[in-house]
Structure formats: C-alpha cells, structure tokens
Amino acid sequence: MRIWLDGTLRDADDAKVSVLDHGLTVGDGVFETLKAREGTLFALTRHLDRLTRSARGLGLPDPDLDEVRRACAAVLEANPVPLGRLRITYTGGLSPLGSDRGETGPTLVVALGGTTRRPDTTAAITVPWVRNERSALTGLKTTSYAENVVALARAHAAGASEALFANTVGHLCEGTGSNVFVVLDGELHTPPVASGCLAGITRALVVEWTGAKETELPFDVLERAEEVFLTSTLRDVQAAHRIDGRGLAAAPGPLTAKAMRVFDERAASDIDP
C-alpha cells in the first residue's frame, strides 16, 4: 500500500505520524470516507465540502483542497483496486500533550484499502447510549470515534452490522457510521440534521432523489416501521431485515427496493452529483 502523508506518497511502513499528533493524543481531527470504483471517486466534491465544514467546526485551518485532490489521485493511481475505501484524515498536527494545539500545522493522510460490495440486507440493534444533539461536535465528521467503536462492537456481538442511537430527547438519530430511513404508512422518513445526526452524503442524495421527508421520529418508531434501511458511503442503500429481535421478513420492502434502484441508477449516471 502507498499512502499520502503531508505532501508525498510513502510506502505503508514509512508513513509514520508522530505520537504527539493531536489526532492521536486527543482525537483532534476530521475525516472523510469515499467509495472508489475502478479508480474513480464518488461524490468527491460533496465530501471535500464536508471535510472543510468539519475542519472549520473544530477550528482547524481550511484544508488545501487542491492538495487533497492531488493526494487522492496519487493514491488511487498507486493502489489500483476494483472497489475501494479511500480515507482522508486531517488532524491538528504535532502538538503538546493536552488539549492545546501546536503551531506546526495540520497533518494530512490519504489512504486506500480494498473492499467488497455489501449484502442487500443486514441486521441492526439499538443501544442505550445517546447522541448529544447539542454537542460542540454535532454534525462534524471527527476522529473522536470511540463511542462508535463501543456501540459497533456490541452490534457485532449480537450478529448485527450496525448500532442505532437515539438523541438526548428520545428521538431517532443515526447509526455508528450510517443514517437511517423508515417507512411509515407508506411514506419514507429520515431524522433531520437537527436530531444530531451526521449530514451524510448518501443520506442527502437519497432525500433529494426519492423525496423522503425529514421528520422528528420517536426512537420506538423502529418497533413499528414497515421498512427500515441504512445509508452510508459504502452501504449505499441497505435494507434492514432485523432490528433487535424484530424481523422485517420482506426486506427489502417496496420503497426500500425503489430507493436502492434509484440510487444505483442516479449514482451510475453522475459520478460527482
């Protein structure tokens, strides 16, 4: 594997970040994950826009998007894979121990790994922990990901691929790395960004392309929704066939199947929507 680190491609064994990098010591960083198919990235412009928004939200300097684009192109060329997960990580850089940032400037890492297409359906669980919709990090895609690690481990232990959170007022929010959509009375809904969920790229495209409604939903909607599906960069649109102990035997249901088809067709016709 060849990795871009601070201006140059390096072999994986030589791509080393200081143990004093703020992204490591306190999770002071932001990132984006993009789908790469045959050397082409999907929705790159939207991802770079969100990278900038997240950096600004943390008070980091705006990333040099020309450099980021060069880094992505170099990594894609150096690591040809049919289907890949490209990760852009942008951190506070070399800093003193503690929360104060140093003055050396941010660290930029771009790496690519191979992946496989997800199954059409999956299982998810709910977890007792909540998203804080009033947090300083709300809506930012940051490297402070430990609570997602804990929740996802619980999901895996239960034979599921995702864990779903409520927010502090008991509304449905999101998964550890996905947004969630539900069908109620034949209509498609997803929690609004005000719920504390990440403004997912795939989420936004599904809302735009299907007309899904952004609706405040009680967490227990998962116990009665006719259909449930998850969206993310690598899931695209993925039906849920089980939530906790409740099976959704018909998954993917008709609205989910339509969303899957529409997303696949629109994404194939426009690589940077």
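Bear in mind the structure is a predicted one, so any value in this text is a computation, not a measurement.

## Side note on the packing of helix H2 (residues 44-58) against helix H3 (residues 65-78)
In the contact formed by H2 and H3, the axes pass within 11 Å of each other and the chain directions differ by 130 degrees. What the angle tells us is that H2 and H3 run oblique. Here H2 and H3 pass one another in a crossing that is right-handed. Across the interface between the two elements, Leu44, Thr45, Leu48 and Thr52 of H2 pack against Leu65, Val68 and Arg69 of H3. Here the residues of the contact of H2 with H3 are counted per class, giving four nonpolar, two polar and one charged.

## What to know about unusual backbone geometry
Geometrically, the link from Ala251 to Pro252 is a cis peptide bond, its omega value of -5 degrees lying close to zero. Mapping Pro252 onto the fold places it in the loop between strand E15 (246-247) and helix H6 (254-269). Positive phi values are uncommon outside glycine, yet Glu38 reaches one of about 50 degrees. Mapped onto the fold, Glu38 is located in the loop between strand E3 (29-37) and strand E4 (40-41). Backbone geometry places Asp185, a non-glycine residue, at a positive phi of 50 degrees. Residue class for Asp185 comes out exposed when judged on its relative accessible area of 75%.

## Details of the environment of Phe165
Of note, Phe165 is situated in strand E8 (residues 162-167). A relative accessible area of 1% means that Phe165 is categorised as buried. Separated by 35 residues in sequence, Phe165 and Val130 have C-alpha atoms that sit 5.5 Å apart.

## Details of helix H5 (residues 201-210)
Given 3.6 residues to a turn, an α-helix orients residues that are three or four positions apart in the same direction. Across the ten residues that make up H5, a large majority, seven, are buried. With its phi angle positive at about 75 degrees, Gly211 sits one or two positions after the end of H5.

Reading the values: the criteria
- Residues numbered from 1 in each chain as written.
- Predicted model: local features only at pLDDT ≥ 70, side-chain atom pairs only at ≥ 80, totals over all residues.
- Heavy atoms only, no water.
- Axes fitted to C-alpha atoms, helices over the stretch in contact; angles between N-to-C directions.
- Helix = DSSP H or I, 4+ residues; strand = E, 2+ residues; numbered from the N terminus.
- Parallel < 35°, antiparallel > 145°, perpendicular 65-115°, else oblique.
- Left-handed = near helix turned anticlockwise from the far one by under 90°.
- Contact = heavy atoms within 4.5 Å.
- Nonpolar A, V, L, I, M, F, W, Y, C, P; charged D, E, K, R; others polar.
- Buried < 20%, exposed > 50% of the residue type's maximum accessible area, 1.4 Å probe, protein only.

Take it as geometry only, folks, not as evidence of what the structure does.
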